[in-house]
Amino acid sequence: MKPHSGTLIIDISGGQKAEAYEGVYQCTARNKHGTAVSNNIVIRQSRSPLWSKEKIDPFIVQEGASLVLPCRPPAGLPPPIIFWMDMSFQRIPQSRRVSQALNGDLYFSNVILDDSRNDYICYARFPHTQTIQQKQPITVRVINMDAINETMAAFLNDTDFFSDGPSEERRPMFLVPSETGSTKMVLRGQVLELECIAEGLPTPEISWSKVSGEFPSKRTTFHNFHKTLRITDVSEADAGEYRCTAKNRLASVHHIIGVTVKAAPYWITAPRNLVLAPSETGVLTCRAGGNPKPTITWSMNGIPIENSPKDPSRKVEDDTIIFTDVRTGSSAVYQCNASNEYGYLLSNAFVNVLAEPPRVLTPSDKVYQVIMNKPALLDCASFGSPIPRITWFKDTRSSVLEGDSYVFHQNGTLEIHVAQTTNSGKYTCVATNSLGISENHVYLEVKEPTRILRQPEYWVVQRNRDVVFECKVKHDPSLTPTMIWLKDNGELPDDERFVVDSDSLTIIDVTENDEGTYTCIMNTTLDQDSASASLTVVEATPTPAIIYEQPDAPTDLELTDQRDRSVQLTWIPGDEHNSPIKKFLIQYEDALHQPGIWHNLTEVPGIKTTAHLKLSPYVQYTFRVLALNNVGYSQPSYPSRSYKTKAAAPDENPSEVEAMGTHHDNLVISWKPLTGLQSNGPGLQYKVMWKQMDVENQWASVTVANVSKFVVSGTPTFVPYEVKVQALNDYGSGPEPKVVVGYSGEDFPLAAPNNVQVFVQNSTLAEIHWMPVPPNSVRGRLKGYRVYYMKQRDQHKHNGHHTEQQVLNFSANKTHGKLPGLHPYSSYKLNVRVFNNRGEGPPSPTLQFETPEGVPGPPAFLKVTNPNLDSLTLEWGPPNEHNGKLTGYTLKYQPVNNTNELGPLEELALAANETSVTLPNLKYSTRYKFYFNAKTLIGPGPSITEEAITVMDEGLPEPPHPLSPTSQSPRPPHHKAHPVSPAFGNVSSSVGEEGAIISWEYWGPEKHVYVEYIVENSQEDWKKELVNGSQSHVLKGLKEGLAYKVRVVAMGHADQTVHRSEELLVTVPAMASRQVDIATQGWFIGLMCAIALLILVLLIVCFIKRNKGGKYPVKEKEDAHADPESQPMKDDDVTFGEYSDSEDHKPLKGSRTPSNGTVKRDESDDSLVDYGEGGDGQFNEDGSFIGQYSGKKERDTAEGHESSEAPSPVNAMNSFV
């Protein structure tokens, strides 16, 4: 025996004979509860005996006759497998004519000459011993009728000669079965094999039929060229008569085989183990079928029951044992034996008399997951004796599950036919018997089914285009989905052009090979869904323009997994219109609290079509969804069905709770009320609680509704209180509220600061000191100290001049502070007060102080009057702020030359009582810059500046030259009040050769400064020119004889005007005349004589050149064209051609052209004026002009402004200067 098992090992490797162990074995297992026995096990030795030696005579047969070659193998265990071969170990070919029978013989329906051979060998293979035995070779000779006479003599004496059948055609005749009628018995469940072999010429064909019935199609097969009928797993229905028919062209014959089906015993009801509690009743049943009917016998613990101890609680009735009122200790193993002549059955059944409390065998807290609308099976396997009774509960054990929607199976399993989300939850199965109770908890999760919301579309796509098969799926969010794509029910090609995303398949650059049917399969652990679409590839055509639009509104909104505080919303997206959806916006309407108003709830990515929404209690929700792509939002979807959540106690308390007094004897408790969405239920109220901090132990409270504050009256002044506010509704109270500390109302302070002192630091700054007030006199929260001070008068003025009272606040922890910005040389008074949230306390005693002298302010104005050739008069006003006793003024001035360089600085001291001064001995036609300031004993004050120009004569003053910003010297500081904008000052203008010069002073921070100008009384827009950091600018291109309005502006970063100067009126004269009476000057007279001499020489030269031409009276024609009137010269014509370094082609001086630079022709084209002396005109050898008819002539426009006659000395000087 194998240790610790019931296995019996027989080892014959030591040389023992196997025959010694042949026999019938049976295993018996026993313990204190009984004995069990096994079926009989038969052990027999496998044998492969040799063929008995025999002499086999040759078979000589006439051609066309039938022949049977016998095999007759030795009996083996198990039976051998038969096959025929030749000497070369090649199988003998078989056909309808030649075949091997079931018994191993080789049958020839008719022989032919080719069948002659001497090596027909029958082989027997014994599979268990893996040996092959062979029979002696058999010789077959086939002869025809002509050879009979020749061979008869040779073989007559020593062999049998088969010549009893003719070689002509003959009717079929059965070789197997050989008898007239035959029968066949087969056992139920075994294989039925019927065989018919016929001889005849031609070879007959075999067919089968059942006389009264049909063949079982799935169990019937034909073998051996239709000569063998095989029916597997035979049942009683297969009994009957089977007809075998052999047919050739001469006739047909048939044979009837009667088949009977017997049956070894088989179980109808095998006995099963039985567990009985004391005093219970039980039944062992042993029912078996068979043909003939089996005999039932019982044994107990391996002993026939009639020989076993008697037991009054046991009664045997044929195939049944009935146990009544069993007793403890009567446990046993019972054997049932069902047998007939074809076999037997043996089964053990343990009858256990047991007293055992119930136990639930199903694992605890097991989670079952099912798909919605599918059946759910919850197991509750139990054990106990007596057999426990199973009861099911859901969530709580308040009520037993019952109703048509539940099925309770015998084994304790609970079945829910159609599971819904409401079936999700905790289930408890309770097993109960008379000895106790046991329970187990399992959980059911009903999941959303997996559905393909947007199926792949059928595509007809142009070659080399991209195609996208969308497969948007809705699935339960707690399940992990797996997307699989198939092409023509096979895997996708291994090609990088196939891109699989979470909800789409993209094929890039499609080709004809990509055509086919594409299927998306979405699998989860519980279910799956699939959809297919086909792809057709066509030749490319011109591509229309893609139109991008807003997406269509989502559709089919559905609410699932509805719970008290959450719900799952799903939808189907609308058409994207060539722009992918980026996100979905989910909105809700609260029909209970805010009907008609839609609120944004959440957003989900555009690839999602499901959202798990968190909800609040006591809200009647309606949802809608909007889709967003790059174009914009879609229209809202149709609203979902309404979903009202259950009411509950508040989840939160009011926020922003505050406590503060508004009067000295109250406390106002305020809060931010809950919204209808936050109330969680009807009957919203607030429980307001308060108590004086560190004084009272009990909370005072009041419950209010529809308010956001409560006033507690009769409180002490400014004492701390603890307050809290809790939300209530009809379903309960909110969480414990937080405690907030506040103070009751404040009252005016009772005391003023004392010991106030002032320390003057300088003329504009003083420092004040005070003593703090006692804390109990504040009667509130000390906010700080407030200093009131007011200027009474300036000391240099005899009468008082009260200014507006000023206030400075200082923090509560300060006992001193500074008073800045005081006026020098002034008298002030002040007082100090303490203040809290309620207001100010009484003032401290008024204190007076005086500030010392300071430097004066800038003079009120400075202006220049009576400009002369060598003198200027300056007038000024005293400073508006003396800030002390004036001791005088200081005037500084310096010239500015044409190169914008500053000359030497002169300084002049002036008395305090003076208001004007005349400066003599100045240079004529010179710009001067003045710096003017007042002074006291403390020192000089800030300066103001002004500029002016001395005149040349009685005419207009000489235009000044602008100061270059690069050469400008640093200027003293200047201050001057301006009526328009304090950022600009001293804006002035002058007209010079280059244009109108605008000068100013600017103190603003902006760097974008422009000069704007417009013709006076014009409706046009102001023109502006940017100033590059200087304080002067030249306006060029102004028209002569017009008046312009000019102003300077500063602009901010947004091109908005920040500062603007006062407007100036600038007049541009028609001709700027700068005549100076210098005709009497000697140097001028000499210069004019030299010029006249040069002109005379030039005229002589011109006259000589003209006479050399001879043929053309050019000079007369030129004179005829001369303009008798002298035209005024422009300022630009200030040089003489005689002294120019220009080329020789310029016209003669003294000739004149129109202002446009061309010569107006008279009647003749012969004039030299038309061609000039340069350009294309040339002289030939005799001096004649050969360019007379050379076409259109051009003149230099710069030379067209000269006079045709000699200018006067005065005019010539004006032009030269």
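Residues numbered from 1 in each chain as written. Predicted model: local features only at pLDDT ≥ 70, side-chain atom pairs only at ≥ 80, totals over all residues. Heavy atoms only, no water.

J.: A description of the state of the cysteines should follow, citing residues and the corresponding values.
T.: Working definition: the covalent bond between the sulfur atoms of two cysteines is a disulfide. Under the counting rule described, the total for this entry stands at five disulfides. Note on cysteine connectivity: Cys286 is disulfide-linked to Cys336, with sulfurs 1.6 Å apart. Negative torsions about the S-S bond denote left-handed disulfides, and the value of about -75° found for Cys286 with Cys336 makes this one left-handed. Taken together, the residues span a long stretch of sequence, with Cys286 in the loop between strand S23 (282-285) and strand S24 (287-291) and Cys336 in strand S29 (residues 332-340) at a distance of 50 residues. (Disulfide = S-S within 2.5 Å. Helix = DSSP H or I, 4+ residues; strand = E, 2+ residues; numbered from the N terminus.)

J.: Tell me about the UniProt feature "transmembrane region" (unreviewed entry) in the protein chain, and name the residues and values.
T.: Those residues carrying the UniProt feature "transmembrane region" (unreviewed entry) are residues 1083-1104 in this numbering. Secondary structure across residues 1083-1104 divides into 100% helix and 0% strand, with the first and last C-alpha atoms of the span separated by 33 Å. (UniProt positions renumbered as here; feature names shortened; annotations may be inferred.)

J.: Help me get a handle on the pattern of salt bridges, residues and values and all.
T.: Overall, the coordinates contain 39 salt bridges when judged by the stated rule. One salt bridge in this structure joins Lys474 and Glu558, with 3.5 Å as the shortest N-O distance. With Lys474 in strand S44 (residues 472-474) and Glu558 in strand S51 (residues 555-560), this residue pair connects regions lying 84 residues apart in the sequence. Judged by relative accessible area, Glu558 falls into the partly exposed class, the value being 29%. (Salt bridge = Lys/Arg side-chain N within 4 Å of Asp/Glu carboxyl O. Buried < 20%, exposed > 50% of the residue type's maximum accessible area, 1.4 Å probe, protein only.)

J.: Kindly report on a nonpolar patch on the surface, identifying the contributing residues and their values.
T.: A surface patch of nonpolar side chains, about 640 Å² in accessible area, is lined by Leu1093, Leu1096, Val1097, Ile1100, Val1101, Phe1103 and Ile1104. Looking at where Leu1093 falls in the secondary structure, it is placed in helix H3 (residues 1082-1109). Here Leu1093 falls in the exposed class, since its relative accessible area comes to 54%. (Patch = residues over 30% accessible without salt bridge, like charges linked within 9 Å, V, L, I, M, F, W, Y side chains within 5 Å. Areas by Shrake-Rupley, 256 points an atom, 1.4 Å probe, with all protein chains shown as cover.)

J.: Go over the pairing of strand S58 (residues 655-660), please, and point to the residues and values.
T.: Pairing analysis gives four bridges linking S58 to strand S59 (residues 666-672), with the strands arranged antiparallel. Bridging across to S59, Ser655 finds its partner in Lys672. Taken together, S58 and the strand that follows it, S59, pair antiparallel across an intervening segment of five residues. (Pairing = 2+ DSSP bridges.)

J.: Could you give an account of the nonpolar core, naming the residues involved and the relevant values?
T.: Ranked by internal contacts, the top residues of the largest apolar core, which has 21 residues, are Leu69, Trp84, Leu106, Phe108, Tyr120 and Val140. Going through the elements one at a time, strand S5 (59-62), strand S6 (67-69), strand S7 (81-85), strand S9 (106-108), strand S10 (117-126) and strand S12 (138-143) are the ones with two or more residues in this core. Here this core gets four residues from one element, more than from any other, and that element is S10. (Core = buried A, V, L, I, M, F, W, Y, C linked by side-chain atoms within 4.5 Å.)

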